[in-house]
Amino acid sequence: MAGHDYLVPGDRYGWIVLAAWCRSGTGGAPSPATEASTQDAGDTDSTGDDIVVTGIRAGLARAIDAKRTSNEIVEVVSAEDIGKLPGISIAESLARLPGVAAQRVDGRAQVLSIRGMAPKFGMTLFNGQEMVSTGDDRSFEYDQFPGELVSSATLYKTPDASLGAMGLSGTIDIHTLQPLDFHERKINASARFNGNSMGSVLPGTSGHGSRVSVSYVDQFADDRIGVAIGYARLDAPNKKKYFNLWDYGTGTQLGVDGLGDTYTFNGFETGVASTNTVRDGVLAVLQFKPNDHFSSKVDLFHSRFKQRMQGDELIGVLANWASGSTPVVSMGNGTIRVDNASPILTMRQNDRNDELNALSWTNSYATGAWTFSANLGLSKAKRREWVGEAYLMSRAPMTLNVVLPTTYDRFGQVSSSVDLNSSSAMSLASVWGANLGGWSRWPMSRTRWKPAGSPPGATCT
């Protein structure tokens, strides 16, 4: 039995306190074009009802307007309504932007590459505050951030002095909604269900999943106080079947006895894998705006990500370096017969539990052409992962019959002369069947890490 039980990274904290900064608009007399526009607007009679654009067109219009008015080169994704940002996660939506490519893991977009650079060279912000990640490096794992809880996201391709931190390839700022922008109570709920055509490939697993979200937005005290609460849950199964052949060449080149100059393979692996991902995300927003000049908003985000991978794999070695016994191989029309074979059965399991927490407090005060801003942010991530493998090897040599796939939409088929599910036919072994009847393990390790700039007392072990 082999297993890892490690905390990587154990705890990650990020503290960010942004000093007050200010900006001013361009002063001076209006340009002739501005005067002309103002005059034309004054000459136009406003008759009839106002036309309000909503839905997808409104989301696109907001994104275009944000790009037009920005002083930097940016790309923007805007939700058409609360809980209606397209994509399973924010990564699915950001991957549609120019210059952004998503790297997928088990079918879902996880990390993003900006302008062709590695994901670790990017920076991710939560309402302007830096976010830590449960990944192996600085790259942020966006699949842990539900798209239903995001109102918009901005990709900065050029530096901006107002940002607390910036990445080398680019900076992505994830924005939550502002409750006071809605001016009315809104309740949104959605549910989606999906099924996998492969069904349950392993005992104890399911081929069905779901995606559920609910959100609530309201205003109080004459639209001076706004609150928003959202919850999103994703239950997504992923199934896989595979049949892989090893090294192609002549029997003499590969060490397959008895085939001489006949072209063949020196081994194969075939199996099934089931990965089930469950993500729960919660967002709470409190906004206070007593007048048109001052606004304060507190955002609290929590995400819990659980993933379990289970897999069974059968390995057959055709070459004379096989463990246990030397196989005798013969080939027919699309089939391979392996006598005196000692196949290896590998059972895998990978359990991963992540927690991501973020707190941001943003304040702004506008007076005339100046805007003052003071923000405070805290981000914390925890990851615990266990990886294990168990190996079984046949007690006595057996015969394997391998039917090779003839088209790309088919898998190879393997049958044996004995029942591999029988305990009398298989016994525990270490890696690759060595020391038959024994067992091995990997040592457990734990890692705790806090980045530079953490509060006093931070240690690295």
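Residues numbered from 1 in each chain as written. Predicted model: local features only at pLDDT ≥ 70, side-chain atom pairs only at ≥ 80, totals over all residues. Heavy atoms only, no water.

Chemist: So, the sheet that holds strand S15 (residues 328-331): which residues are in play, and what are the values?
Modeler: Spatially, S15-S16-S19-S20 is the arrangement adopted by the 4 strands of the open sheet, whose pairing is antiparallel. Where the open sheet ends on each side, the last strands, each with one partner, are S15 and strand S20 (413-416). For this sheet the average axis-to-axis angle between neighbouring strands, irrespective of direction, equals 15°. (Pairing = 2+ DSSP bridges. Helix = DSSP H or I, 4+ residues; strand = E, 2+ residues; numbered from the N terminus. Axes fitted to C-alpha atoms, helices over the stretch in contact; angles between N-to-C directions.)

Chemist: How would you summarise the pairing of strand S17 (residues 344-367) if you had to cite specific residues and measurements?
Modeler: Bridging between strand S14 (residues 294-317) and S17 involves 22 bridges; their strand directions are antiparallel. Opposite Leu300, over in S17, you have Leu359 as the bridge partner. As judged from the 24 bridges shared by S17 and strand S18 (residues 370-394), these two strands associate in the antiparallel manner. Across the sheet, Thr362 pairs through a bridge with Asn375, a residue of S18. Turn length for the S17-S18 hairpin, with the two strands adjacent in sequence and antiparallel, is 2 residues, and the turn residue Gly368 shows positive phi of about 60°.

Chemist: Mind laying out the pairing of strand S13 (residues 263-288), listing which residues take part and the relevant values?
Modeler: With respect to burial, S13 is a largely interior element, 19 of its 26 residues being buried. Where strand S12 (residues 225-250) lies against S13, 25 bridges are found, and the strand directions are antiparallel. Across the sheet, Lys240 pairs through a bridge with Ala273, a residue of S13. Looking at chain direction, S13 and S14 are connected through 22 bridges and run antiparallel. Of the residues in S14, the one forming a bridge with Val285 is Asp299. Hairpin connection between S13 and S14: a loop of 5 residues separates the two successive antiparallel strands. (Buried < 20%, exposed > 50% of the residue type's maximum accessible area, 1.4 Å probe, protein only.)

Chemist: Can you tell me about a nonpolar patch on the surface, naming the residues and giving the values?
Modeler: Where nonpolar side chains cluster on the molecular surface, the patch consists of Phe220, Ile225, Leu286, Phe288, Val298, Leu300, Leu359, Trp361 and Leu376 and spans about 750 Å² of accessible area. Broken down by secondary-structure element, the contributors of at least two residues to the nonpolar patch are S13, S14 and S17. (Patch = residues over 30% accessible without salt bridge, like charges linked within 9 Å, V, L, I, M, F, W, Y side chains within 5 Å. Areas by Shrake-Rupley, 256 points an atom, 1.4 Å probe, with all protein chains shown as cover. Salt bridge = Lys/Arg side-chain N within 4 Å of Asp/Glu carboxyl O.)

Chemist: Describe the confidence of the model for the protein, listing the residues and the values that go with them.
Modeler: Of the residues in the protein, 78% have a pLDDT of 70 or more, and the chain-wide mean is 78. Counted against residues more than four places away or in other chains, residues 1-47, with its pLDDT under 50, gives 110 contacts. In this model, residues 435-461 is a region of pLDDT below 50 whose contacts with residues beyond four sequence positions or in other chains number 52 contacts. (pLDDT = per-residue confidence, 0-100. Contact = heavy atoms within 4.5 Å.)

Chemist: Can you explain the pattern of salt bridges? Please cite residues and give values.
Modeler: Applying the stated rule across the entire model yields 14 salt bridges. Of the charged contacts, one joins Arg352 and Glu141 as a salt bridge, the two residues approaching to 2.6 Å between their closest N and O atoms. Residue Arg352 is found in strand S17, and its partner Glu141 is found in the loop between strand S7 (129-130) and strand S8 (152-156); the two are separated by 211 residues along the sequence. Of the two residues, Arg352 and Glu141, both sit in the buried class. Arg224 is the partner of Asp222 in a salt bridge, and the nearest nitrogen-oxygen pair spans 3.6 Å. Relative accessible area serves as the criterion here: at 69%, Asp222 is assigned to the exposed category. On the accessibility criterion, Arg224 (38% relative accessible area) is partly exposed. Among the ionic contacts, a cluster of salt bridges with common partners joins Glu141, Arg352 and Asp354.

Chemist: Account for unusual backbone geometry, naming residues and giving values.
Modeler: Even without glycine at this site, Asn127 takes up a positive phi of about 55°. Here Asn127 shows up in the loop between strand S6 (122-126) and S7. Residues other than glycine seldom take positive phi values, yet Asp223 does so here, at roughly 60°. By relative accessible area, Asp223 is classed as partly exposed at 36%.

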